[in-house]
Amino acid sequence: HPLLSLADHCTSLPQLKQIHAQFLRVGLFFDPYSANKLFSAFARSPLCDLGYAQKVFDEISQPNLYTWNALLHAYASSDDPIRSLFIFIRMLHECPDIPNKFAFPSLIKAASSVGDDANLGKAIYGIAVKLRLGSDLFILNSLVRFYGACGNLDMAYKVFLSIQNKDVVSWNSMIAAYVQGGCPD
């Protein structure tokens, strides 16, 4: 449907809301794929009105894993990142799919906003390990950044060393952790 491509190319929130109204008018919002696509446009947009996006999400009859992850990411990047942790708990109860590797970087990012207590990050990583995602590069890179933000450079370095195939993000995360931790050498 032409409205699907319009949702991806919106330049303003009012325009996105008009497309939402059109989705409702033509019945496209009641198709799970279309509703998930529209919500993702709301959640991933730099113009995001998180309250409105949450209302759109709540109206989706069958949010898929991608949509849940988009909501987690939107809250983790907001000025209320801790809400993403509550969304994750809701996701565990309501989503028929098991969380995947895309959920955890957002959750770890949200945990770093709590302060320098590393226990929350450890708990989130523990869930990832139980789901057999503990060696995922994106999750490990997020964990290095997390421990760096908490000021726990030893743990950041320990996680960094455990990464089998380090990429540029791995190296930059470790360098940033040392610089922010007052150890630029």
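Residues numbered from 1 in each chain as written. Predicted model: local features only at pLDDT ≥ 70, side-chain atom pairs only at ≥ 80, totals over all residues. Heavy atoms only, no water.

Structural notes on the overall build of the chain
Turning to step 1, where the next piece is worked out: When helices and strands are counted, the chain shows 11 helices and 0 strands.
Turning to step 2, where the next piece is worked out: The secondary structure elements of the chain, listed N-terminal to C-terminal, are α-α-α-α-α-α-α-α-α-α-α.
Turning to step 3, where the next piece is worked out: Overall size of the chain, expressed as C-alpha extent along the three principal axes, is 60 × 30 × 30 Å.
Turning to step 4, where the next piece is worked out: With 185 residues in all, the chain has 43% of them scored as buried.
Turning to step 5, where the next piece is worked out: Across the chain, contacts joining residues at least 24 apart in sequence account for 56% of those joining residues at least 6 apart.
Turning to step 6, where the next piece is worked out: With the model as given, the accessible surface of the chain reaches about 10000 Å², and the carbon-plus-sulfur share is 57%. (Helix = DSSP H or I, 4+ residues; strand = E, 2+ residues; numbered from the N terminus. Buried < 20%, exposed > 50% of the residue type's maximum accessible area, 1.4 Å probe, protein only. Contact = heavy atoms within 4.5 Å. Areas by Shrake-Rupley, 256 points an atom, 1.4 Å probe, with all protein chains shown as cover.)

Structural notes on helix H9 (residues 137-149)
Turning to step 1, where the next piece is worked out: Helix length check: H9 (13 residues) gives 18 Å between terminal C-alpha atoms against 18 Å at 1.5 Å per residue, within 8%.
Turning to step 2, where the next piece is worked out: Turning to H9, its buried residues are Ile139, Leu140, Asn141, Ser142, Leu143, Val144, Phe146, Tyr147 and Gly148.
Turning to step 3, where the next piece is worked out: Considering only its buried residues, H9 is in contact with helix H7 (103-112), helix H8 (119-130), helix H10 (153-162) and helix H11 (168-180).
Turning to step 4, where the next piece is worked out: Its side-chain oxygen placed 3.0 Å from the backbone nitrogen of phenylalanine 138, aspartate 136 serves as the N-cap of H9.
Turning to step 5, where the next piece is worked out: Looking one or two residues past H9, glycine 151 carries a phi angle of roughly 80°, positive in sign. (Expected span 1.5 Å × (residues − 1). Polar contact = N/O pair within 3.5 Å; in protein donor to acceptor, adjacent residues only side chain to side chain.)

Notes on the side chain of serine 173
Turning to step 1, where the next piece is worked out: Mapped onto the elements, serine 173 comes out in helix H11.
Turning to step 2, where the next piece is worked out: Other than its neighbours up to four places away in sequence, serine 173 contacts Asn141, Val144 and Arg145.

Details of the pattern of salt bridges
Turning to step 1, where the next piece is worked out: The tally for this structure, following the rule as stated, stands at 3 salt bridges.
Turning to step 2, where the next piece is worked out: The residue aspartate 58 makes a salt bridge to arginine 90 at a minimum N-O spacing of 3.1 Å. Of this pair, aspartate 58 sits in helix H4 (residues 50-59) while arginine 90 sits in helix H6 (residues 83-94), and the two are 32 residues apart along the sequence.
Turning to step 3, where the next piece is worked out: The class for aspartate 58 is partly exposed, based on a relative accessible area of 41%.
Turning to step 4, where the next piece is worked out: Of the charged contacts in the structure, one is a salt bridge between aspartate 136 and lysine 101, with a shortest N-O distance of 3.8 Å. Pair noted here: aspartate 136 is in the loop between H8 and H9 and lysine 101 is in the loop between H6 and H7, with a separation of 35 residues, a long-range link.
Turning to step 5, where the next piece is worked out: By relative accessible area, aspartate 136 is classed as buried at 14%.
Turning to step 6, where the next piece is worked out: Judged by its relative accessible area of 27%, lysine 101 falls in the partly exposed class. (Salt bridge = Lys/Arg side-chain N within 4 Å of Asp/Glu carboxyl O.)

Points about the packing of aromatic side chains
When we look at a pair of aromatic rings, we describe it by the centre distance and by the angle of the planes.
Turning to step 1, where the next piece is worked out: Taken as a whole and judged by the stated rule, the model has 7 aromatic pairs.
Turning to step 2, where the next piece is worked out: Here the aromatic rings of phenylalanine 57 and tryptophan 68 are separated by 4.7 Å at their centres, their planes lie at 75°, and the arrangement is edge-to-face. You can see phenylalanine 57 sitting in helix H4 and its partner tryptophan 68 sitting in helix H5 (residues 65-76), a full 11 residues away along the chain. Neither residue differs from the other here; phenylalanine 57 and tryptophan 68 are each classed as buried.
Turning to step 3, where the next piece is worked out: Seen in terms of ring centroids, tyrosine 157 and tyrosine 178 are 6.4 Å apart; in terms of plane orientation they differ by 45°. Their pairing is tilted. A residue pair is termed long-range when its members are at least 10 positions apart, and tyrosine 157 in helix H10 and tyrosine 178 in helix H11 qualify at 21 residues.
Turning to step 4, where the next piece is worked out: The rings of Tyr157, Phe160, Trp171 and Tyr178 are connected pair by pair, giving a single aromatic cluster. (Phe/Tyr/Trp six-rings, centres within 6.5 Å; stacked < 30°, edge-to-face > 60°.)

Thoughts on the packing of H4 against H5
Turning to step 1, where the next piece is worked out: The contact between H4 and H5 brings their axes to 11 Å, and the two run at 160°. Between H4 and H5, the angle is such that the two are roughly antiparallel. In the packing of H4 onto H5, the handedness of the crossing is left-handed. Facing Leu50, Gln54 and Phe57 of H4, the residues of H5 in contact are Thr67, Trp68, Leu71, Ala74 and Tyr75. (Axes fitted to C-alpha atoms, helices over the stretch in contact; angles between N-to-C directions. Parallel < 35°, antiparallel > 145°, perpendicular 65-115°, else oblique. Left-handed = near helix turned anticlockwise from the far one by under 90°.)

This is a description of form; function is not addressed.
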